[in-house]
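# Summary of structural features
Below are the chains, spelled out letter by letter.
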Amino acid sequence: MPMKQLTYWFSLLTHNSPFLFAVLDKNHQYLWVSQRYCEISGLNQDELVGKHDKDILGSTFYEALKPHYLRAINGENSEGEIVLNDGVHDSSFHFSVSTVGPSLHEGLPEGAIVFHAVDTSERQILTSALESSEHRFKHLSQLVSDGCCVLDDGIVLSANERAVALLGYDNVNEILGEDIEKLLISPVKGRSIVAALTSLKPGQQLACQPVCTAADSSPINIAFSAINVLGSEGSIITLSRSVSEPENHKQTIEKLAQFDALTGLYNRHGFSRRLEQLIANKTPLAMFYLDVDNFKNINDSLGHHIGDRVLQDIAQRLRKQLPPETILGHLGGDEFAVLMPEQSDQALATDLANRIVNVISQPFDLYHFSKFLACSIGLVKYPGDGKDARSLLQNADTAMYEAKEQGRNRVVNYSQHMNKEARMRLWLEIELQKALQNNGLEVWYQPKVSAKDYTINGAEALVRWKHPVEGYISPARFIPVAERSGMIELLGRNVMREVFQTVRRWQNMKVLPGRVAINLSPQQFKNPNLTSHMKKLQVATQTDPSLITFELTESAVMNDGEHAIQMLNAIKDLGFSLSIDDFGTGYSSLSYLAKFPLDELKIDRAFICDMETFPKQVTLIENIINLGRSLNMSLVAEGVETGKQASVLANLKCDTIQGFHFYKPMPRAEFEAILVSNKKVKAKAS
């Protein structure tokens, strides 16, 4: 198999794999590496080819693997475990090294070997996370005067010094791992301590005598609360000899329940409580609700343990960089909140928000490389933007989403009109979901015409939504809602199925004079199952793929060049045509035109509508047409609304024209009637 084909198939099979793959020559230099190598090193594949392990992961890693490489070159398969803890890397890998099979030797030099490894360092990271969690619990439990213990199935996992003393011991190690039944005497004979504790009602306590204290000592009052411990049910108990203030135990547990275990900041419950207290005291304040932009990509590509480390880093940065009176909260996921009491000045609030943006925008060290992040912030003030904690948090959240709508990495002040827009977006989302479930969307068709004689030579499929109450809702309103809510893929599949079935019908009727274009959203294009769905649909409907064109925007194909080339080639292999929509308004680089297997360019309407006002636009259009023609692509001009525009485009030898001057989008039946009529006219003429 030639090296070019090997590279293609290796890349395709390992692109989204969390494993390390590499093909090395007999000198142990990389011939090819997987995407995971790129993520670890921060280099691209071209930069990694020719490098050694010692150049990328250090000499310790290479020297440990070198004997296995040598055995593989001699035809032996080898596997093992390697742990790196050299001050630079803190990882472990389970690996295998093998010689290249005979079927692959054609494209590879003699002595080539294959390295395959899985990163097992998550076990170490989980251990570190548990230690960190234990440290946070210890820190929090030392802040309270009562004894605190964490139990898992009755076994003591953690305890503070006060709990050790109350139970009659000198060292915490004496009670860790012990069953609570062996440390306390049940007040009810024949009934276990755990059963007695779990039967307590909220606010109640259990009086018990410790096993290791004198019989005449006063009993310990124990309060109980169920918690989650390592994914299973556990509990936290507080111990005290204070019988006069039983509510203290409840308050202690409540205090511990107000903090986020991951970051040590207030959780949503605790933050809301502090906010309510300030509002009750009529304290003016500014609150910032921030969301880390594109944080999901870190969890998806690097793992949740790396994402957790980033969240902890964000919490530490906010503590260090913001004033000491700042109240911080980790509200869940990648959302944080910052509360500034006695703050009402707009200029100072905006300055503080910009400081938060700068704090987040500093690079994060993600083990082997750095990552830059950004955040979107919603700003509200009390008393102006809400009267209670719920409304302030909701309004801040609304402003934060508005910041995302405006382009992310910015601060947006809340205003009342945002709530109206948010309610409208929510209504649209709910109604659109109903429409998708009930087949309430329609596919319309806008005919395209030949620039030579203005006869129909194809069409573009466009989705339309007729709401039972509101009537037709503009795609400009519901398409962004579908993209934001994750419904765009389902919508796109519905359109694709309808078009395939319709094209098959027109194919049988022999009335379709050209191809029908279907728009692909960026989300659809990113889905690795897109081509398999296309294939299944084409086989099921028996549609001729040469009658279908898929249109994509420049941004969709330029976000991930390697993925785009693989996906576009796969679509072409199925027999479909490819078109770039809105050409000339996106990326300035034209290199992708030569790299990607495109059949058609669509000249954006922005060039067409201004051609009569700005004569230089005609020169630009002419150059685009000449560029496309030199690359063997057909040209489509969209947005043509006047006869003069059509005439100019015809003189410039544009291939196809689309616009209201000739036809507006129309329902399928109406377009079909035109096709049938045209067929009859042609039959009579012949």
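Residues numbered from 1 in each chain as written. Predicted model: local features only at pLDDT ≥ 70, side-chain atom pairs only at ≥ 80, totals over all residues. Heavy atoms only, no water.

The protein chain carries the name EAL domain-containing protein in an unreviewed UniProt entry, which gives Enterovibrio norvegicus as its organism.

## Observations concerning the overall build of the protein chain
Selection criterion: Put simply, DSSP marks the helices as runs of H or I at least four residues long and the strands as runs of E at least two long, and each gets a number from the N terminus on. Accessible area is worked out with a 1.4 Å probe on protein chains only. A residue is then buried under 20% of its type maximum, exposed over 50%, and partly exposed in between. Accessible areas in this description were obtained via Shrake-Rupley with a 1.4 Å probe; residue shielding takes into account the shown protein chains only.
When helices and strands are counted, the protein chain shows 26 helices and 28 strands. Among the 686 residues that make up the protein chain, the fraction classed as buried is 46%. Only carbon and sulfur atoms are counted for the fraction: they give 51% of the accessible area of the protein chain, which is about 33,800 Å².

## Focus on helix H17 (residues 488–509)
The condition is simple: Here, expected helix span is obtained from the residue count minus one, scaled by 1.5 Å.
A rise of 1.5 Å per residue sets the reference length of H17, with its 22 residues, at 32 Å; its end C-alpha atoms lie 31 Å apart and thus fit the reference within 8%. Looking at H17, one finds that the buried residues are Ile-488, Leu-491, Gly-492, Asn-494, Val-495, Met-496, Val-499, Phe-500, Thr-502, Val-503 and Trp-506. The positive-phi residue at the C-terminal boundary of H17 is Lys-510, with phi of around 55°.

## Considering the pairing of strand E13 (residues 327–332)
As a reminder, the rule being used: Strand pairing follows a simple DSSP-based rule, namely that at least 2 bridges must link the two strands.
Within E13, 5 of the 6 residues are buried, which leaves it mostly tucked inside the rest of the structure. In terms of strand pairing, E13 meets strand E14 (residues 335–341) through 5 bridges, oriented antiparallel. Within the sheet, the bridge partner assigned to Leu-328 lies in E14 and is Val-338. From the end of E13 to the start of E14, which pair antiparallel, there are 2 residues, and Gly-333 there has a positive phi angle of about 60°.

## Overview of the nonpolar core
Counted only if it meets this: To form a nonpolar core, buried Ala, Val, Leu, Ile, Met, Phe, Trp, Tyr and Cys residues must be joined to one another through side-chain atoms within 4.5 Å. Here a residue-residue contact requires only that any non-hydrogen atoms of the pair lie within 4.5 Å.
Of all hydrophobic cores here, the largest spans 74 residues; its most connected members are Tyr-445, Met-496, Val-499, Phe-525, Phe-550, Ile-571 and Ile-621. The element that contributes the greatest number of residues to this core is H17, accounting for 8 residues. For Ile-621, the residues in contact, after removing those within four places along its chain, are Ile-603, Phe-607, Ile-608, Met-611, Leu-649 and Leu-652. Leu-311, Leu-318, Val-338 and Ile-360 belong to the second-largest nonpolar core, a separate cluster that totals 31 residues.

## Thoughts on empty space enclosed by the protein
What counts here: Here the term cavity refers to a set of points on a 1 Å grid, laid over the protein atoms alone, in which a 1.4 Å probe fits but cannot get out; the term pocket refers to an open set having protein on both sides within 12 Å along at least five of seven lines, with lining residues being those that place an atom within 4 Å of a point. Grid points are joined across faces, edges and corners, and a volume is the space filled by probe spheres set on the points. Gly is put with the polar residues, along with every residue not named as nonpolar or charged; the nonpolar set is Ala, Val, Leu, Ile, Met, Phe, Trp, Tyr, Cys and Pro, and the charged set is Asp, Glu, Lys and Arg.
This model, assessed by the stated rule, comprises 3 cavities of 30 Å³ or more. Of the volumes computed, that of the largest cavity is approximately 50 Å³. In terms of lining, the largest cavity is formed by Glu-489, Arg-493, Met-496, Gln-524, Asn-527, Asn-529, Leu-530 and His-533. Those elements that place two or more of their residues in the lining of the largest cavity are H17 and helix H19 (530–541). If you tally residues by element for the lining of the largest cavity, the top one is H17, at 3 residues. For the lining of the largest cavity, a count of residues per class yields 2 nonpolar, 4 polar and 2 charged.

## Let's talk about the packing of aromatic side chains
For clarity, the cut-off: The aromatic pairing rule takes the rings of Phe, Tyr and Trp, using the six-membered ring of Trp, and pairs them if the centres are within 6.5 Å, calling planes under 30 degrees apart stacked, those over 60 edge-to-face and the rest tilted. Geometrically, a charge over a ring is one whose NZ (Lys) or CZ (Arg) sits within 6 Å of the ring centre while staying within 35 degrees of the ring normal.
One pass over the full model with this rule turns up 12 aromatic pairs. When the ring of Phe-259 is compared with that of Tyr-266, the centres are 5.0 Å apart and the planes differ by 15°; the resulting orientation is stacked. Between Trp-444 and Tyr-472, the ring centres sit 5.4 Å apart and the planes meet at 70°, which makes this aromatic pair edge-to-face. Of this pair, Trp-444 sits in strand E19 (residues 441–450) while Tyr-472 sits in strand E21 (residues 471–473), and the two are 28 residues apart along the sequence. Overall, the relative accessible area of 15% leaves Trp-444 in the buried class. Ring-pair connections join several aromatic residues into one group, and the members of that group are Tyr-62, Tyr-69, Phe-95 and Phe-115. Here the guanidinium or amino end of Arg-317 rests over the ring plane of Phe-364, the centre of that ring lying 3.7 Å away.

## Describing the state of the cysteines
Cut-off, in case you're wondering: Two cysteine sulfurs form what is called a disulfide whenever their separation falls within 2.5 Å.
In total, this model carries 0 disulfides according to the counting rule given. Take Cys-148: it sits in no disulfide, and the sulfur closest to it among the cysteines is that of Cys-149, at 7.6 Å.

## Things to note about the sheet that holds E13
Convention followed: Interaxial angle, 0 to 180 degrees, is taken between N-to-C directions of lines fitted to C-alpha atoms, where a helix line uses only the stretch in contact.
One open sheet accounts for 5 strands, arranged E13-E14-E12-E17-E18; its pairing is mixed. The sheet is open, and its two borders are formed by E13 and strand E18 (411–413), each paired with just one other strand. Mean inter-strand twist for the sheet, computed between neighbouring axes without regard to direction, equals 20°. Strands strand E12 (285–292), E13, E14 and strand E17 (375–382) of the sheet are contacted by helix H10 (residues 268–280), whose axis makes an angle of about 135° with E13.

## Looking at the packing of H10 against helix H14 (residues 389–405)
Between two packed helices, the angle of one axis relative to the other and the distance separating the axes together describe the packing. For the record, the criterion: Take the far helix as your reference; a near helix turned counterclockwise from it by less than a right angle gives a left-handed crossing, and one turned clockwise gives a right-handed crossing.
In contact at an axis separation of 9 Å, H10 and H14 are set at 115° when each is read in the N-to-C sense. The two elements H10 and H14 cross, and the hand of that crossing is right-handed. Contact residues: Phe-271, Ser-272, Leu-275, Glu-276 and Ile-279 in H10; Ala-389, Leu-392 and Leu-393 in H14. Within the contact of H10 with H14, the residues separate by chemical class into 6 nonpolar, 1 polar and 1 charged.

## Structural notes on the side chain of Glu-638
This is how the line gets drawn: Side-chain atoms alone can form a polar contact between residues adjacent in sequence; in general such a contact is a pair of N or O atoms within 3.5 Å, and within protein one must be able to donate a hydrogen while the other accepts it.
Locating Glu-638 in the fold gives a position in strand E26 (residues 634–638). For Glu-638, the side chain forms a polar contact with the side chain of Lys-602, separated by 3.5 Å.

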